[in-house]
Amino acid sequence: MYGLTALVAVGAGGGAVLAQIEGQDRGVAPVDSGGAYEVTGVTVDVSGSTAEAARLGGWRIAQRKAWAMLAQRLGRGGVGASDGLLDSLVSGIVVENEQIGPTRYVARLGVLFDRVRAASVLGVSAYADRSPPMLVMPLQISGGSAQMFESRTPWQLAWARFRTGNSSIDYIRPSGTGMDPLLLNAGQIGRRSRGWWRTILDQYGASDILIPVVRLYRQWPGGPVIGVFEARHGPDNVLLGTVTLRVGSTDALPQLLDTGVARLDGLYQRALAGGTLHPDSTLAPPPKPEVPITDDSMGGDEPVAGIDSAIAPSGAGISVTLQYDAPSASAVANAESLVRGIPGVVRAATTSLALGGVSLMGVTYDGDPEQLRRALEQRGYQVSGSGTTLRIRRAPQVQAPAPPSDNVITG
């Protein structure tokens, strides 16, 4: 009785289920989705006439230092850039720590460079060193509950905050909105069906799956938190490595998770460099079946010269566009039915409908267009045009002359 009641409640509450999917308690857009180059830990100590002048001067000096560090990191040390060029290359300034005085600015900053523009100035490839696109499915296990995108979790927020520009992994991070909770959930990682996984990867434009897992253990409410981080990969949920971190209180949980994301990214990068992290070949679409080739030669007989050009391959077909009058819907149906009845017509369907005017019909014909023209004329159409574009009209009916009347009036 209880199961029946629950079933009825689910069936009657379909709207409530949809409301939960569209709720506001899930989904967070990732930052820095463009994959900008990031240089962190740039320190500046600048004085100026005002606090604002000192701050702007500190940011400009940070841009110069960050550019030199980026060029050195990419093996292009010595490639300089003017302040005007740097202004066009920098996409953002990240304030890690700053102290602002009346005439002094002391800070530790991060600088984000537009990846494509910076790479073109440095003469390097923007994405040559990156992996194939990998779909990230962050799984959090805490208090016996496993959650992915079913609701907004601190682990998902940590992956959304992570800046991926310096990583060799091309992460695809879903926002968790729309259909994400239905497609990407804790139960999905237990499935092994390659066809279902291929459908999901095609939905997000990815080549493989990364499953970063965190298991949170709280010692007591508000007390220390231990996080066990697992780098997993692929539809078979293969474990690549683990990291264990600890913080002294629940307030430091975001810091714990941010550090865990960085550590797992390092594990994934090392796996990519070592050849362990590569797309699963079973996720590739199955190859198309080969068409068998039949040898029709008979006992050494010589082929007849020119026979291949005289016989058109069956089913190949050519595309022909027919323009026809469509005064009514029944006229459209009749025209399509008549054309489909012509031998050699593989397909005939109206592609542009204009009731009361001239409509267009797309026809696939297995043969020569002149043969199609003659077949249409035999069925009562007047055909004009040439090649693969023909205009057809119904031929006017010629009325027979009326018979002479028997009542002849004579003078």
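Up top you'll find the structure we're talking about.
Here is a short report on the structure shown in this document. In this text, all values refer to a predicted model and were calculated from it rather than measured experimentally.

### Considering helix α9 (residues 253–273)
In an α-helix, one turn spans 3.6 residues, which is why side chains three or four residues apart end up on the same side.
Here comes step 1: Counted at 1.5 Å a residue, the expected span for α9 with its 21 residues is 30 Å, and the 30 Å between its end C-alpha atoms agrees.
Here comes step 2: Along α9, the positions that sit buried rather than exposed are Leu253, Leu256, Leu257, Gly260, Val261, Leu264, Asp265, Gly266, Leu267, Tyr268 and Ala271.
Here comes step 3: Residues of α9 that are buried in the fold lie against α6 (154–161), β7 (171–172), β8 (208–218), β9 (225–233) and β10 (238–247).
Here comes step 4: Glycine 275 occupies a position one or two residues after α9 and carries a positive phi of about 85°.

### A short note on the packing of aromatic side chains
Here comes step 1: Within this structure, the stated rule accounts for six aromatic pairs.
Here comes step 2: Consider the rings of tryptophan 155 and tryptophan 159, whose centres lie 6.0 Å apart with planes at 80°: the pair is edge-to-face. Remark: tryptophan 159 and tryptophan 155 occur in helix α6; sequence separation between them is four residues, near one turn of the helix. Each of the two residues, tryptophan 155 as well as tryptophan 159, counts as buried.
Here comes step 3: A centroid spacing of 5.4 Å and a plane angle of 45° characterise the contact between tryptophan 155 and phenylalanine 229, whose relative ring orientation is tilted. Here the residue tryptophan 155 occupies a position in helix α6, and phenylalanine 229 occupies one in strand β9, the gap between them amounting to 74 residues. One exposure class covers both tryptophan 155 and phenylalanine 229, and it is buried.
Here comes step 4: Aromatic ring contacts, followed pair by pair, group Trp155, Trp159, Phe162, Tyr171 and Phe229 into a single cluster.

### Considerations on unusual backbone geometry
Here comes step 1: Of note in the backbone geometry, asparagine 237 takes a positive phi value of approximately 60° without being a glycine.
Here comes step 2: With respect to the element layout, asparagine 237 can be found in the loop between β9 and β10.

### Quick notes on the sheet that holds strand β2 (residues 90–100)
Here comes step 1: Taken in spatial order, the three strands make up an open sheet running β1-β3-β2, and their pairing is antiparallel. Each edge of the open sheet is held by one strand with a lone partner, namely β1 (37–47) and β2. Taken over all neighbouring pairs, the strand axes of this sheet differ in orientation by 25° on average, direction set aside.
Here comes step 2: In terms of strand pairing, β2 meets strand β3 (residues 104–113) through nine bridges, oriented antiparallel. Bridged to isoleucine 93 within β3 is valine 111.

### Side note on the environment of valine 261
Here comes step 1: Note on placement: valine 261 falls in helix α9.
Here comes step 2: The exposure class assigned to valine 261 is buried, which follows from its relative accessible area of 0%.
Here comes step 3: Distance from valine 261 to valine 214, taken between C-alpha atoms, is 9.5 Å for residues 47 residues apart in sequence.

Definitions and cut-offs
- Residues numbered from 1 in each chain as written.
- Predicted model: local features only at pLDDT ≥ 70, side-chain atom pairs only at ≥ 80, totals over all residues.
- Heavy atoms only, no water.
- Helix = DSSP H or I, 4+ residues; strand = E, 2+ residues; numbered from the N terminus.
- Expected span 1.5 Å × (residues − 1).
- Buried < 20%, exposed > 50% of the residue type's maximum accessible area, 1.4 Å probe, protein only.
- Contact = heavy atoms within 4.5 Å.
- Phe/Tyr/Trp six-rings, centres within 6.5 Å; stacked < 30°, edge-to-face > 60°.
- Pairing = 2+ DSSP bridges.
- Axes fitted to C-alpha atoms, helices over the stretch in contact; angles between N-to-C directions.

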